[in-house]
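Chains, contacts and geometry: an overview
Listed here are the chains, written in short residue letters.
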Amino acid sequence: MISKNTICLWYDGTALDAAQFYAKTFPHSAVGAIYRAPGDYPSGKQGDVLTVEFTVIGIPCLGLNGGPTFKHSEAFSFQVATDDQAETDRLWNAIVSNGGQESECGWCKDKWGLSWQITPRALTAAIADRDPAAAKRAFEAMMQMKKIDIAAIEGARRG
C-alpha cells in the first residue's frame, strides 16, 4: 500500500465483490492487492479473502472482511460530484439497481450498506448562490428529491 492514509471499510465476507463493483462503476477506480488470511480468524478460515486494496475515484481504500459485527452507517459516505444529468443517472442507477436503495436529497446506499451522495455540481452551485432567495428555492427543491434532477434544481434557482 503506497498511501499513508487509507479508508478502511468493513465487510462481512464481501469486500472483493464490493471492490470489483466500485472499480467497474466509478472512473479512476481499480482493485489492487488481495490478501488471504494466513490462518483461521473469528469470521473466516485460512485462505479466505481477508483484505482487498482498491481505489474509488482515486481514493485509496481497504476492504476488510471482518464479519457481521459492524455495519456501515450514514455517518460515513462517499460524495461524488457529477458533471451532468447523464453521469448522475448512470452512477445513481448503477448503485440502486445492483441491490442498493434510494434515499433522500441525492443519497443512496449500495447493497453492502455503504452510503453514497451522488451530487451534481449544479446542485452545489445552486445552494451556494449569492442570492439567498435563489439558494433557498434550489435547496427546497432538493429536499423533495431522491435522485437529483438538475433541470428542476436550475428551474427552482431561477424562480
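Figured I'd write up the structure that's included with this text.

Calculation rules
- Residues numbered from 1 in each chain as written.
- Predicted model: local features only at pLDDT ≥ 70, side-chain atom pairs only at ≥ 80, totals over all residues.
- Heavy atoms only, no water.
- Axes fitted to C-alpha atoms, helices over the stretch in contact; angles between N-to-C directions.
- Helix = DSSP H or I, 4+ residues; strand = E, 2+ residues; numbered from the N terminus.
- Left-handed = near helix turned anticlockwise from the far one by under 90°.
- Contact = heavy atoms within 4.5 Å.
- Nonpolar A, V, L, I, M, F, W, Y, C, P; charged D, E, K, R; others polar.
- Core = buried A, V, L, I, M, F, W, Y, C linked by side-chain atoms within 4.5 Å.
- Buried < 20%, exposed > 50% of the residue type's maximum accessible area, 1.4 Å probe, protein only.
- Expected span 1.5 Å × (residues − 1).
- Arc of directions from axis to C-beta.
- Polar contact = N/O pair within 3.5 Å; in protein donor to acceptor, adjacent residues only side chain to side chain.
- Phe/Tyr/Trp six-rings, centres within 6.5 Å; stacked < 30°, edge-to-face > 60°.
- Pairing = 2+ DSSP bridges.

The interhelical angle for the contact between helix 4 (residues 132–142) and helix 5 (residues 150–158), taken along N-to-C directions, is 145°, at an axis separation of 7 Å. As helix 4 runs across helix 5, the sense of the crossing is right-handed. Residues Ala134, Arg137, Ala138, Ala141 and Met142 of helix 4 form the contact with helix 5, whose participating residues are Ile153, Ala156, Arg157 and Arg158. Grouping the amino acids of the contact of helix 4 with helix 5 by side-chain chemistry returns six nonpolar, no polar and three charged.

Nonpolar side chains in soluble globular proteins tend to end up buried together. The biggest cluster of nonpolar side chains holds 25 residues, and the ones touching the most others in it are Tyr11, Tyr22, Phe26, Phe54, Val56, Trp116 and Ile118. With six residues, the single largest contributor to this core is helix 1 (residues 15–25). Residues contacting Phe26, with those up to four places away along its chain left out, are Val56, Ile57, Val80, Leu91, Ile95 and Trp116. Leu123, Ala126, Ala141 and Met142 belong to the second-largest nonpolar core, a separate cluster that totals nine residues.

We now examine helix 2 (residues 85–97). Along its 13 residues, helix 2 runs 17 Å from first to last C-alpha, staying within 8% of the 18 Å computed at 1.5 Å per residue. For helix 2, the complete set of buried residues consists of Thr88, Leu91, Trp92, Ala94 and Ile95. Down the axis, helix 2 shows its buried residues gathered within 160° of arc, on one side only. When the buried face of helix 2 is taken as reference, the exposed residues oriented beyond 90 degrees from it are Ala86 and Ser97. Tucked inside the fold, the buried residues of helix 2 contact helix 1, strand 5 (77–82), strand 6 (101–102), strand 7 (107–109), strand 8 (115–120) and helix 5. For helix 2, the N-terminal capping position is held by Asp84, with its side-chain oxygen 3.3 Å away from the main-chain nitrogen of Ala86. Two residues or fewer past helix 2, Gly99 is found with a positive phi of approximately 90°.

Let us now look at the packing of aromatic side chains. For the coordinates displayed, the defined rule picks out nine aromatic pairs. Taking 4.6 Å as the distance between ring centres and 15° as the angle between the ring planes, the aromatic pair formed by Phe26 and Trp116 counts as stacked. Taken together, the residues span a long stretch of sequence, with Phe26 in the loop between helix 1 and strand 2 (30–36) and Trp116 in strand 8 at a distance of 90 residues. In this structure, Phe26 and Trp116 share a single accessibility class: buried. Ring centres of Phe78 and Trp116 lie 4.8 Å apart, and the angle between their planes is 25°; on these two criteria the pair is classed as stacked. Here Trp116 lies in strand 8 and Phe78 lies in strand 5, a separation of 38 residues in the sequence. Phe78 sits in the buried class, given a relative accessible area of 5%.

What follows deals with the side chain of Gln117. Position of Gln117 among the secondary structure elements: in strand 8. In this view, Gln117 contacts Ser77, Phe78, Gln79, Val80, Gly106 and Trp107; residues no more than four positions away in its chain are not counted.

Okay, the sheet that holds strand 1 (residues 7–11) next. Ordered by their spatial adjacency, four strands build an open sheet running 1-4-3-2, and the pairing between neighbours is mixed. Whereas interior strands pair on both sides, the edge strands pair on one side only; in this sheet they are strand 1 and strand 2. Each neighbouring strand pair of the sheet contributes to a mean axis angle of 20°, computed without reference to strand direction. With six bridges joining them, strand 3 (residues 49–56) and strand 4 (residues 59–65) adopt antiparallel strand pairing. For Phe54, the partnering residue across the bridge sits in strand 4 and is Cys61. Across the sheet, helix 1 touches strand 1, strand 2, strand 3 and strand 4, and the angle it forms with strand 3 is around 15°.

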